[in-house]
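Descriptive analysis of the structure
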Amino acid sequence: MTIPLERLDQITHRFSELEARMASGTLEGDAFVQASRDYAELEPVARAAEQARTMRAELAELEALDDSDPEMKALTEEEIMRLRNELPAVERALAIAMLPRDAADARPAMLEIRAGTGGDEAALFAADLFRMYERFAAEQGWRVETISLSASDIGGFKEVVANVTGNGVFAKLKFESGVHRVQRVPVTESGGRIHTSAATVAVLPEPDEVDMTIDPNDLKIDIYRSSGAGGQHVNTTDSAVRITHIPSGIVVAMQDERSQHRNRDKAMQVLRARLYEQRREEAHGAEAEARKAMVGSGDRSERIRTYNFPQGRVTDHRIGLTLHKLDDVLAGPGLGELVDALIAEDQAKRLAALGE
């Protein structure tokens, strides 16, 4: 896909204007923050556009040469061949940089993992998945804060909710939503038979409070005593909080903290993320058919990946990619390979859709 020169001029002009505004020293407060975001978003596009423009100009100039010197002519033809071979990749990189961005891509994310079918083994697998994402996040320089955690009796997680903050969190994790399946011999199984269990992952972009205002009149808030692990403090203080958003029916309960206010803050944080995702899904409703053509719809009931321990492989069913490096995936680096492949496939399909 070749971007018209006029479009490249528009990008360059807009970027130059933005650079001048940023350098003027006249921007303050929200205006400076917004300009900084615009600059960060436009810079890779402008750099890619400049590279494409430069290579196009070099190629046109060389093709116009009429050199009678055989040695110079050979060098010119060699350079022309190099540019012709390299330019398509540069043009493709520019087209990808210009693809419409999901407004939520730069946001932090709420990561929710729940044990599915498989009892204790599913809970152990949910814990494995959470540790995998923690390791991947550490590699990316992200911060993971556990919001709530419900542990099983043998060390697994029935449910875990965490906040992941950093650069481009949702952009990289958004294709992780769905059903993850594991095939292995459970530690609880004495017969050595391979069992299949599952856990559900949901990755929700986290909005700012100003982006997701909630009417207090729409909330029903219940305060009750915590239960479960927590020492002597449990069942002595009404610190657990359950918030019901009446219009949507979404219910969030939080009891991990000893402070009622802290539990309420965490519950509101999770509620905002779930409401924001609900509104995003409603906004994308008209585009549902188009989204099905992409890598994934974000549907949490969709089986997306299988982790097979006996064969040491991981298969992503959406793109048909199998990696025979299960340990590497669970350790973090291998997950990065899957994430990059999913992003590349999504970009390729969106480029193809634009070209139709």
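Structure first, text after, so check above.
We now turn to the structure provided with this report. (Residues numbered from 1 in each chain as written. Predicted model: local features only at pLDDT ≥ 70, side-chain atom pairs only at ≥ 80, totals over all residues. Heavy atoms only, no water.)

Across all of its chains, the model carries four aromatic pairs by this definition. When the centroid spacing of 5.7 Å and the interplanar angle of 85° are considered together, the rings of Phe-136 and Trp-142 count as edge-to-face. No difference in accessibility class separates Phe-136 from Trp-142, as the two residues are buried. It is Arg-184 that lies over the ring of Phe-309; its NZ or CZ is 4.7 Å from the centre. (Phe/Tyr/Trp six-rings, centres within 6.5 Å; stacked < 30°, edge-to-face > 60°. Buried < 20%, exposed > 50% of the residue type's maximum accessible area, 1.4 Å probe, protein only. Lys NZ or Arg CZ within 6 Å of the ring centre and 35° of its normal.)

Helix packing for two helices is described by the angle between their axes and how far apart those axes are. Between helix 1 (residues 5–24) and helix 2 (residues 29–64), whose axes approach to 8 Å, the crossing angle comes to 140°. It follows from the interaxial angle that helix 1 and helix 2 lie oblique. Taken as a pair, helix 1 and helix 2 cross one another with a handedness that is left-handed. Its residues assigned to classes, the contact of helix 1 with helix 2 shows 13 nonpolar, two polar and nine charged. (Axes fitted to C-alpha atoms, helices over the stretch in contact; angles between N-to-C directions. Helix = DSSP H or I, 4+ residues; strand = E, 2+ residues; numbered from the N terminus. Parallel < 35°, antiparallel > 145°, perpendicular 65-115°, else oblique. Left-handed = near helix turned anticlockwise from the far one by under 90°. Nonpolar A, V, L, I, M, F, W, Y, C, P; charged D, E, K, R; others polar.)

Turning our eyes to something else, we now look at the environment of Ala-151. With respect to the helices and strands, the residue Ala-151 is situated in strand 2 (residues 143–151). Leave out the neighbours within four places in its chain, and Ala-151 touches Gly-156, Phe-157 and Lys-158. (Contact = heavy atoms within 4.5 Å.)

On to the pattern of salt bridges. For the coordinates displayed, the defined rule picks out 25 salt bridges. With its nearest N and O atoms 2.8 Å apart, the salt bridge here joins Glu-91 to Arg-56. Taken together, the residues Glu-91 in helix 3 (residues 70–97) and Arg-56 in helix 2 connect sequence positions 35 residues apart. The class for Glu-91 is buried, based on a relative accessible area of 5%. (Salt bridge = Lys/Arg side-chain N within 4 Å of Asp/Glu carboxyl O.)

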